[in-house]
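Overview (structure and organization)
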Amino acid sequence: MGDLFLVRHGETEWSRSGRHTGLTDVPLTEHGRDQARSLVPLIRSHRIGAAFVSPFQRARETAELIGLQDVRVDPDLHEWDYGGYEGITTVQIHRERPDWFLFSDGVEPGPPEHPGESPEQVGERADRVLARVEAAFANTEGCVVLVAHGHFLRVLTARHLGLPPSHGALFQLGTGTLCRLGTEHARPVIAAWNVRPPS
């Protein structure tokens, strides 16, 4: 397999304030758009064989601003469904559940349109995406790019490395950043993480 590039979308009002943004389709801020544009030189220096994007506008606009072509929307790339915790912050949750931790505890159930996901369910989605990535590598030359969301990409990284979904907690991921997953001695590795262009 070639290199797999992960791009977390640029800043939104909700990411700036720490609100859990799962299935709520919020736009980028102007700073988020600038973050996306700043990644262009990092992307342009590589041959892109295939690119996939989350269906939400904050990811789709990021993909457009970094100049990706022929991007395929993949519904499995959406962010963690936070259920009853959608739109609230970790600080607020800790007032009721001081020891709560997303990657081990999951979320409170939400309404039917976004009932919430367990870490294992997010891991199953990540596995499906990784299977499509592997198929893309088999049918194209160059690297593969995924443009998606912070918590989902952290779980996907864990699964790529053969770790359980809860180990996504180990990989802090900022908005408007680029990561590269590669191989060393035929084993998956993190080749670069949380990369921003020099200011």
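Residues numbered from 1 in each chain as written. Predicted model: local features only at pLDDT ≥ 70, side-chain atom pairs only at ≥ 80, totals over all residues. Heavy atoms only, no water.

**Some points on the pairing of strand E2 (residues 48-53)**
Bridging between E2 and strand E4 (residues 143-148) involves 5 bridges; their strand directions are parallel. Its bridge partner being in E4, Ala-51 is matched across the sheet by Val-145. Relative to strand E3 (residues 72-73), E2 runs parallel, the two being bridged by 2 bridges. Bridge pairing in E3 places Phe-52 opposite Arg-72. In the classification by handedness, the crossover that spans E2, the intervening helix H4 (residues 57-65) and the parallel E3 is right-handed. (Pairing = 2+ DSSP bridges. Helix = DSSP H or I, 4+ residues; strand = E, 2+ residues; numbered from the N terminus. Right-handed = clockwise from strand over helix to strand, strands pointing away.)

**With respect to helix H7 (residues 119-139)**
If you check H7, its first and last C-alpha atoms are 31 Å apart, about what 21 residues at 1.5 Å a residue would give, namely 30 Å. Buried within H7 are the following residues: Pro-119, Val-122, Gly-123, Arg-125, Ala-126, Val-129, Leu-130, Val-133, Ala-136 and Phe-137. Each buried residue of H7 lies within a common arc of 160 degrees when the element is viewed along its axis, so the set occupies one face. Exposed and oriented more than 90 degrees from the buried face of H7 are Ala-138 and Asn-139. (Expected span 1.5 Å × (residues − 1). Buried < 20%, exposed > 50% of the residue type's maximum accessible area, 1.4 Å probe, protein only. Arc of directions from axis to C-beta.)

**A word on the packing of aromatic side chains**
The tally for this structure, following the rule as stated, stands at 4 aromatic pairs. Here Tyr-85 and Trp-100 contribute two aromatic rings whose centre-to-centre distance is 5.2 Å and whose plane-to-plane angle is 75 degrees, an arrangement assigned as edge-to-face. With a gap of 15 residues between them, Tyr-85 in the loop between E3 and helix H5 (90-96) and Trp-100 in the loop between H5 and helix H6 (102-105) connect regions that are remote in the sequence. Accessibility assignment for this pair places Tyr-85 and Trp-100 in one class, buried. Look at Phe-101 and Phe-103: their rings are 5.9 Å apart centre to centre, the planes differ by 50 degrees, and that puts the pair in the tilted class. Since its relative accessible area comes to 42%, Phe-101 is described here as partly exposed. Each residue in the set Trp-80, Phe-101 and Phe-103 is aromatic and connected to the rest through ring pairs, giving one cluster. (Phe/Tyr/Trp six-rings, centres within 6.5 Å; stacked < 30°, edge-to-face > 60°.)

**Topic: unusual backbone geometry**
Glycine aside, a negative phi is what most residues show, and trans is what most peptide bonds show. In this structure, His-185 takes a positive phi of about 55 degrees despite not being glycine. The residue His-185 is located in the loop between strand E5 (178-184) and strand E6 (187-195) in this model. Of the residues examined, His-185 reaches a relative accessible area of 73% and is grouped as exposed. Although it is not a glycine, Ala-186 sits at a positive phi angle of roughly 65 degrees.

**So, the side chain of Thr-157**
If you trace the backbone, Thr-157 turns up in helix H8 (residues 150-160). In contact with Thr-157, not counting residues within four places along its chain, are Leu-6, Phe-171, Leu-181, Ile-190 and Trp-193. (Contact = heavy atoms within 4.5 Å.)

**Overview of the sheet that holds E3**
Taken together, 6 strands build an open sheet; the order of strands is E3-E2-E4-E1-E5-E6 and the sheet is mixed. Bordering the open sheet on either side are E3 and E6, each of which pairs with just one other strand. Sheet strands touched by H4: strand E1 (4-8), E2, E3 and E4. Its angle to E4, the strand with the most contacts, is close to 140 degrees. Relative to the sheet, H8 contacts E1, E4, E5 and E6, its axis offset from that of E1 by approximately 160 degrees. (Axes fitted to C-alpha atoms, helices over the stretch in contact; angles between N-to-C directions.)

**Notes on the packing of helix H2 (residues 30-38) against H4**
Contact geometry for H2 and H4: axes closest at 8 Å, N-to-C directions at 40 degrees. Compared by their axis directions, H2 and H4 come out oblique. Two packed elements cross with a definite hand, and for H2 against H4 that hand is right-handed. Contacts between H2 and H4 involve Arg-33, Ala-36 and Arg-37 on the former and, on the latter, Glu-61, Thr-62 and Leu-65. Here the contact of H2 with H4 is built from residues that sort into 2 nonpolar, 1 polar and 3 charged. (Parallel < 35°, antiparallel > 145°, perpendicular 65-115°, else oblique. Left-handed = near helix turned anticlockwise from the far one by under 90°. Nonpolar A, V, L, I, M, F, W, Y, C, P; charged D, E, K, R; others polar.)

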